[in-house]
Each structure stands twice: as C-alpha cells, then as structure tokens.
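# Survey of secondary and tertiary structure
Below are the chains, spelled out letter by letter.
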Amino acid sequence: MKHLSFIEVKEVSKQYRQRDQMTDALINISLSIEKGKFVSLIGPSGCGKSSLLRIIGGLVKQDCGEVNIGGMTPMEAQKRKQYSFVPQSPALFPWRTVLQNMQLPFEVNRKATGDTAKQHELELIELLQSVGLGDFIHAYPRMLSGGMQQRVGIARAFGSGAPILLMDEPFSALDELTREKISYQLLNIWQEHQKTVVFVTHNIREAVLLSDEVVIMSPRPGRIKKTISIDLPRPRTVELEESQQFQQYITEIRAHLRQESRV
Ligand SMILES: Nc1ncnc2c1ncn2[C@@H]1O[C@H](COP(=O)(O)OP(=O)(O)OP(=O)(O)O)[C@@H](O)[C@H]1O
C-alpha cells in the first residue's frame, strides 16, 4: 500500500551569497514524510539541516525545487498555522507565568483559528503535567532551570494546535542526564498527540530513540546521504535502548557520519 506523504520536498536546492562567495547549502534534496511520523535530520555542522528545516517551515525560500505541505506551499501552511517551531532555547516571555506562556499561541493565532486560550486551559495543564511541570503552572520562567524551560517550550508546541512541529536541536543546551530524561518525555507526549515532527540533532542516540526515520546528511554541498528506517517497537524504553538492535542502528549511523567527517 502506498502511504500518502504529508511533507514532500522535491529536488530542492539552496545557495547563500555572502559578499562574493556562494555557498551551496543544499543540493537536490528530496524527502517525503508521512503524517504523524517522527523524522530526524542528522549530520555534521554545516550540512544544511537548519536550512532544510527552515525551508520546510517557510522561513527560507529554496532557489529551486518544490515543497508541498499537505497540498499547501510552506507560506500557505504557515498562514494556516500548520507549524510550531521549537528552537534551541524556548523563548518564553519572562513576565508571563508558565501557563500564560503556554497560552500564547492561542492568543497569537486566535484570528486564524477562532480558538481561545481559555477553551484549552485544561489540556495545557495536562500537557505541563505530562512533562513533570504540574507544580510550576503559575511559576515564572526565571524560577525554572534551563531543562524545565525547554520542557515548557515542548509542551507549548504540542499544545499549540499545529500539526507539524519543527525542532532545531531543542536539547543542545542541556546536560546529558536532563537530555535523556526530556527525550523520554518528548516520546511520551508525541505518542499521545501524534504530531508530525522534523527534529534536527547532532546526537545519534537521541535520533534512534525518537525517530521513525533518520535522515543522514552530508556537507559541502548539503545532500541527503542515506535515510534509515528505525524499525524498533514503540513505546521505546530504556531496556530497548540497551538492546543489540538499538546499538546496531547507532553503529550504522555513526559509520556513515564518520565517513562524512573525514578531512
Ligand atoms: N543566512 C546565511 N547566509 C549565508 N550562509 C548561510 C546562511 N545560513 C546558512 N549558511 C551556510 O549554509 C550552510 C548550511 O548551514 P545550516 O545552518 O543549514 O547547516 P546545519 O547543518 O544546520 O549546521 P549546524 O549543525 O552547525 O547548525 C553552512 O555552510 C552555512 O554557513
């Protein structure tokens, strides 16, 4: 049976000009992502992961090729509030409580969606509980650690109503243990809400643990080297992480990345 793709990137290329120099950030990228899938982009620095994420999200325009988001261009998809971005740091407003920060997308998008924050308050509180922040609903961001703030950012993205989450190294500023804990919380919340996620990371373990597919990219110019389907059962567990099968995926991806980082 042929599966319908939700995000379709076809033969996309992107160059940047800086002074007199041109950089081929992406060359001939084609990628197809089904609705509800979790897909990671991994590769060495400069291979174009963020550029591809931004092109999918309509923040950057490709030079050639096509991007189709459920029948819309990325710009149309953006207008129709199809995306929620989770950047490296969560951009919370310091003068708003955690819950008020969660409510922000509804206030911003109210004209487009007609939904009010009040209608969704219970749901937002449940999301905060599911990332372990049930006791911090009325706290201000300054009272939270970096990891807790990032969890608010993730919960907010899942609560926003957007079907596509674009996450650009959301855990990169966190220590290893916090990172591990948050990846499991992200897994749980994703399992429950079934959003389509495109996740940029440098971390192989994280990519295998979270993803249905890992897209390995290579630099200069940015290309897709290989796409690996992660055929591991869900829910993914700590035991699974220690299994031979899991380790095999890590070894395979690491071998591809090593070839890329040879200088
Ligand atoms: N706005 C820009 N102007 C000029 N060059 C750019 C711009 N954005 C990205 N580039 C270049 O395009 C290439 C791809 O950058 P991009 O940030 O997409 O890669 P990346 O894989 O996300 O890197 P990293 O892992 O370091 O974040 C790099 O060579 C980068 O220097």
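Procedures and definitions
- Residues numbered from 1 in each chain as written.
- Predicted model: local features only at pLDDT ≥ 70, side-chain atom pairs only at ≥ 80, totals over all residues.
- Pairing = 2+ DSSP bridges.
- Helix = DSSP H or I, 4+ residues; strand = E, 2+ residues; numbered from the N terminus.
- Axes fitted to C-alpha atoms, helices over the stretch in contact; angles between N-to-C directions.
- Contact = placed C-beta atoms within 7 Å.
- Core = buried A, V, L, I, M, F, W, Y, C linked by C-beta atoms within 7 Å.
- Buried ≥ 20, exposed ≤ 12 C-beta atoms within 10 Å, placed from the backbone.
- Parallel < 35°, antiparallel > 145°, perpendicular 65-115°, else oblique.
- Left-handed = near helix turned anticlockwise from the far one by under 90°.
- Nonpolar A, V, L, I, M, F, W, Y, C, P; charged D, E, K, R; others polar.

The protein is annotated in an unreviewed UniProt entry as ABC transporter ATP-binding protein from Paenibacillus septentrionalis.

Bringing the sheet that holds strand β1 (residues 5-18) into the picture now. Spatially, the three strands line up as an open sheet ordered β2-β1-β4, and their pairing is antiparallel. Each edge of the open sheet carries a strand with a single partner, namely β2 (21-34) and β4 (64-69). Going from strand to strand, the sheet's axes swing by 20° on average, the running direction of each strand aside. Sheet topology places β1 next to β2; 10 bridges connect them, and they run antiparallel. Residue pairing for β2: Y16 is matched across the bridge by T23. Helix-sheet contacts for helix α1 (residues 49-56) involve β1, β2 and β4, and the interaxial angle to β1 is about 120°.

I56 and V198 are the most contacted members of the largest nonpolar core, which totals 63 residues. Top contributing element to this core by residue count: helix α5 (residues 146-159), with six residues.

The geometry of α5 relative to helix α6 (residues 176-193) is characterised by a closest axis approach of 11 Å and an angle of 15° between their N-to-C directions. Between α5 and α6, the interaxial angle falls into the category roughly parallel. In the packing of α5 onto α6, the handedness of the crossing is right-handed. Contacts from G147, Q150, R151, I154 and F158 of α5 reach α6 at T178, I182, Q185, L186, I189 and H193. For the contact of α5 with α6, a count of residues per class yields five nonpolar, five polar and one charged.

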